[in-house]
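# Coordinate analysis (summary)
What follows is the residue order along each chain.
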Amino acid sequence: MADDESEMLFDNSCDDASDAEEDDDDYSEFEQPSLAQAPRPFRCLRPDDLREMQAAAVKRVAETLCCEPSDATVLLRSFKWDAERVISSYFENPEGVLEKAGVCGSSNRAVIDAAAAQPYQCPICLEMVTAFSALGCGHRACTPCYSAYVGHKIDDEGTAAVRARCPLVKCRVQLTDALVNALATDAQRARYAVYLERAFVDDHPRLAWCPAPSCTHAILMVQPADGAPLTGAARVACACGEVFCFACLRDDHSPATCEQLRLWLIKCKDDSETYNWLQANTRACPACKTSVEKSGGCNHMTCRHASCGHEWCWVCAGPWKEHSGNFYTCNRFKETDDEEVKRKDLSKAALERYLHYYSRYINHHSSLMLEEKTRQAMEDKIAEMQALGSNWLDGQYLKEATESLIACRHALQYTYVYAFYLPADNHKELFQMAQRDLEMTTEDLSAEIEKPVEQIVRLTVLHHQQMSERRLANLFNAVEAHRVAEAQAALEAAHVPGALSRPQSQA
Amino acid sequence: MGELPRRIQKETQRLLSEPVAGISASPYQDNLRYFNVVLAGPATSPFEGGIFRLELFLPEEYPMAPPKVRFLTKIYHPNIDKLGRICLDILKDKWSPALQVRTVLLSIQALLSAPNPEDPLDAGVADHWKSNEAAAIEEAKRWTQQYATGSLP
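- An unreviewed UniProt entry annotates chain B as Ubiquitin-conjugating enzyme E2 originating from Diacronema lutheri.
- According to the UniProt record, the Sequence similarities (unreviewed entry) comment for chain B is "Belongs to the ubiquitin-conjugating enzyme family."

- In the annotation of an unreviewed UniProt entry, the entry for chain A reads RBR-type E3 ubiquitin transferase, and the organism field reads Diacronema lutheri.
- Quoted verbatim from the Catalytic activity (unreviewed entry) heading of the UniProt record, the comment on chain A is "[E2 ubiquitin-conjugating enzyme]-S-ubiquitinyl-L-cysteine + [acceptor protein]-L-lysine = [E2 ubiquitin-conjugating enzyme]-L-cysteine + [acceptor protein]-N(6)-ubiquitinyl-L-lysine."
- Comment text from UniProt for chain A, heading Pathway (unreviewed entry), reads "Protein modification; protein ubiquitination."

### As for the overall build of chain B
- Helix and strand counts for chain B come out as four helices and four strands.
- Listing each helix as α and each strand as β along chain B from the N terminus yields α-β-β-β-β-α-α-α.
- For chain B, buried positions account for 50% of its 153 residues.
- Intrachain contacts of chain B at a sequence separation of at least 6 include 56% that bridge at least 24 residues.
- Just so you have it, chain B exposes about 7700 Å², and 52% of that area is on carbon and sulfur atoms.

### Description of the sheet that holds strand β1 (residues 23-27) of chain B
Residue and element names in this part refer to chain B.
- Spatially, four strands are ordered β1-β2-β3-β4 in an open sheet, and the strand pairing comes out antiparallel. With one partner strand each, in any of the chains shown, β1 and β4 (68-71) form the two edges of the open sheet. For this sheet, the mean angle separating the axes of adjacent strands, direction not counted, is 20°.
- Pairing between β1 and strand β2 (residues 34-40): five bridges, direction antiparallel. From the neighbouring strand, isoleucine 23 faces β2, where its bridge partner is leucine 39.
- Strands β1 and β2 of the sheet are contacted by helix α1 (residues 6-17), whose axis makes an angle of about 135° with β1.
- Against the sheet, helix α2 (residues 101-113) engages β1, β2, β3 (51-57) and β4, with an angle of about 35° to β2.

### Things to note about the pairing of strand β1 (residues 42-45) of chain A
All names here are of chain A.
- The alternating pattern of β1 places Phe42 and Cys44 and Arg43 and Leu45 on opposite faces, both of which are buried.
- Summarising the sheet, β1 and strand β5 (residues 218-221) pair through four bridges and their orientation is antiparallel. Paired with leucine 45 across the two strands is alanine 218, which belongs to β5.

### Regarding the sheet that holds β5(A)
Residues and elements named next belong to chain A.
- Reading across the sheet, the three strands line up as β1-β5-β4 and stay open at both edges, with antiparallel pairing between neighbours. Edge positions in the open sheet fall to β1 and β4 (207-209), since each of these has one partner strand only. Pairs of neighbouring strands in the sheet enclose a mean axial angle of 25°, with direction left out of account.
- Here three bridges tie β4 to β5, and the two strands are oriented antiparallel to one another. When the bridges of β5 are listed, tryptophan 209 appears paired with alanine 218.
- Contacts from helix α3 (residues 47-65) reach β1, β4 and β5, with the element oriented near 110° to β1.
- Contacts between helix α9 (residues 186-203) and the sheet are confined to β4 and β5, with β4 contributing the most and set at about 125° to the helix.

### Considerations on the interface of chain B and chain A
- Counting from both sides, the interface comprises 14 residues of chain B and, opposite them, 14 residues of chain A.
- Taking both partners together, chain B and chain A bury about 1200 Å²; carbon and sulfur atoms supply 63% of that area.
- Here chain B is connected to chain A by two salt bridges.
- Where chain B meets chain A, there are five residue pairs in polar contact (both at pLDDT 80 or more).

### Things to note about the packing of α3(A) against helix α5 (residues 83-92) of chain A
Residue and element names in this part refer to chain A.
- Their axes nearest at 9 Å, the elements α3 and α5 cross at an angle of 20°. It follows that α3 is roughly parallel to α5 by the angle criterion. α5 is crossed by α3, and the crossing has right-handed handedness. Here α3 contributes Arg60, Val61, Thr64 and Leu65 to the contact with α5, which in turn contributes Ala83, Glu84, Val86, Ile87, Tyr90 and Phe91.
- A per-class count over the contact of α3 with α5 returns seven nonpolar, one polar and two charged.

### Describing unusual backbone geometry
- With an omega of 5°, the peptide bond between Ser254(A) and Pro255(A) qualifies as cis.
- As for its placement among the helices and strands, Pro255(A) is situated in the loop between β7 (243-245) and α10 (258-270).
- The peptide bond linking Tyr62(B) to Pro63(B) adopts the cis configuration, its omega dihedral lying at 10°.
- Secondary-structure assignment places Pro63(B) in the loop between β3 and β4.
- Not every positive phi belongs to a glycine, and Cys66(A) is a case in point at roughly 50°.
- Relative to the elements of secondary structure, Cys66(A) occurs in the loop between α3 and α4 (69-78).
- According to the relative accessible area criterion, Cys66(A) is exposed, its value standing at 61%.
- With a phi angle near 55°, Thr44(B) is a residue other than glycine that sits in the positive phi range.
- Along the chain, the position of Thr44(B) falls in the loop between β2 and β3.
- Relative accessible area serves as the criterion here: at 77%, Thr44(B) is assigned to the exposed category.

Rules of the game
- Here the residue index of a chain counts from 1 through its sequence in written order.
- Key to labels: chains lettered from A, ligands numbered from 1, both in the order written.
- Two thresholds apply to this predicted model, a pLDDT of at least 70 for residue-level local features and 80 or more for giving and counting side-chain atom pairs, whereas whole-chain, interface and lining totals are computed over all residues.
- Only heavy atoms go into the side-chain values, all of them from the structure, while hydrogens and water stay out.
- UniProt positions are given in the numbering used here, feature names are shortened, and annotations may be inferred rather than shown by experiment.
- A run of DSSP states H or I qualifies as a helix once it reaches four residues; a run of E qualifies as a strand once it reaches two. Both are numbered from the N-terminal end.
- Accessibility here uses a 1.4 Å probe with only protein chains present; expressed as a share of the type maximum, an area under 20% marks a residue as buried, one over 50% as exposed, and anything in between as partly exposed.
- For this analysis, residues touch if any pair of their heavy atoms sits within 4.5 Å.
- Throughout, the Shrake-Rupley method with a 1.4 Å probe supplies accessible areas, and for residues the shown protein chains are the sole cover considered.
- For two strands to be treated as a pair, DSSP must find at least two bridges joining them.
- The angle between two axes is taken between their N-to-C directions and runs from 0 to 180 degrees, where each axis is a line fitted to C-alpha atoms and a helix contributes only its stretch in contact.
- Buried area: the accessible surface (1.4 Å probe) lost by two parts on joining, summed over both.
- Think of a salt bridge as a Lys or Arg side-chain nitrogen and an Asp or Glu carboxyl oxygen that are within 4 Å of each other.
- Any pair of N or O atoms that falls within 3.5 Å is considered a polar contact. Within protein, one atom must be able to donate a hydrogen and the other to accept it, and sequence-neighbouring residues count only if both atoms are side-chain atoms.
- Any angle that is under 35 degrees is reported as roughly parallel, and any over 145 degrees as roughly antiparallel; angles of 65 to 115 degrees are reported as roughly perpendicular and all others as oblique.
- Two helices cross in a left-handed way if the nearer one is turned anticlockwise from the farther one by less than a right angle. They cross in a right-handed way if the turn is clockwise.
- Each residue is assigned to one of three groups, with Ala, Val, Leu, Ile, Met, Phe, Trp, Tyr, Cys and Pro labelled nonpolar, Asp, Glu, Lys and Arg labelled charged, and all others, Gly among them, labelled polar.

Right, dumping it as structure tokens:
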């Protein structure tokens, strides 16, 4: 399969697959792969490449099993497009595989618009007819009814149409694309082709659509040499420029994991920490319901909200005038005291911790939002430099520096997500040092290239840029080393012999 | 809405001329796609002796799309909710255009004989069915006596 893929792929600059990694099939079972997760090789496929890749898989199965291409397609769909698995499973248990996939054996062909010798009752329109169409299962329906059925599946059921079955009750045989294409209208055929392509990418575990709006490319992950399943985040770049995580399809979020990002986004969204803090530290004014925080002093509260001015007791929330100046006798005070204080402190500390990470995360995030503006500003600066006498090529280093700056900010943003979920230990200390270093040089770089044109010193920019890039690499290395060490420790703790050959599942 | 398709005409004729035991389905005169259904609770089920009213509607896409069916009589059943909606695979993704009104109603009758609390529509009733089946059946009988009164036309 790897060989088929490599023929039809177009070159793209983001493709960092090395030749050694392309040899999928050529690996020894006893070789222990390194635990380190090298950047996964991937390729960007255009719609034509996808069609060719699909056609190659269909051809391989159809030729090996001597079956119709449309049956091969159905088989492949039920095996997530793993041609080798279709073939080996078929040779093990042909009937089982055919039945599971909903395919009829090659002796039973589909019939399209034939005439029956004897009139029969069409099970759909209930008329006596002779014309019929049927899949390999032999369940007949008159051709107009069959066409209406196929058309209904395409028009009304969306992508699910690719899994439509024989119209007869409880028959599991799948419609084949040959039958669909023979019976559908031109418009339906076109839509069906789109559904087939969409389903191909959706079903294939190593393919994902580029999430950029209106981009029609898909990313193919090259099969890992140890055959391990794809797990964890993987940064991929589409030919359209979109950089994203293959596993969760969100923005590239390294060094944070997909799960950390998911939790973080939920946390940011429902702002639950703020809510917790308000719950623990404030009380609603009994008169106007405004949240009131007791910042110290006595329990005699006077609401400052607009025109409220209500006076009440913090402890019992009753009107102050009933306390007649002697609030120490308010009986609920002692009971809750210790617990309450502890709860408030914990809650406040948690909120402060969250806000610490959040404010830094959002700071880099909003700087990134200005990405396009920054790029444009650099273009303007280069133009300005040209006007001052240097040539266009000389100014290009500024562009590269800007891209480095953006990459650093992008990673820094997610370092705060990563750090938020780290337990306080040595690794966190080390990580935060690397993070601080990166942040410092990133700010230096940013400051340097934002200077007025005549003050920018090329060597200084290059210096800061190189430092930033190196520190970014250091940070990622530290994260990776820690991940490997943790995986190793988990393995040793588990004492599973041979578990090393499946490092991904343990990580 | 255009002329009534021949398939619906044929089905209606057969429902009226060869009715199924314990099931009556007749279209309203002003809308021939809308059926008044009366169903007898199956013997040896908690619904035995009950007479249940349902409404059945054949949408424009019928028979490519399934009919819409709903209980009008209150019923205590894990696969039927308070609004009378029915959780039955052939009314959803397992629909086949070769099914008919007749077969759908037979399937609903069979569902009354064999409640499936593992695939519930009404979680409360289903929990009751799973935790204390005897008590749930008693409750279903009580509801049948209280609400499912009447007679087959």
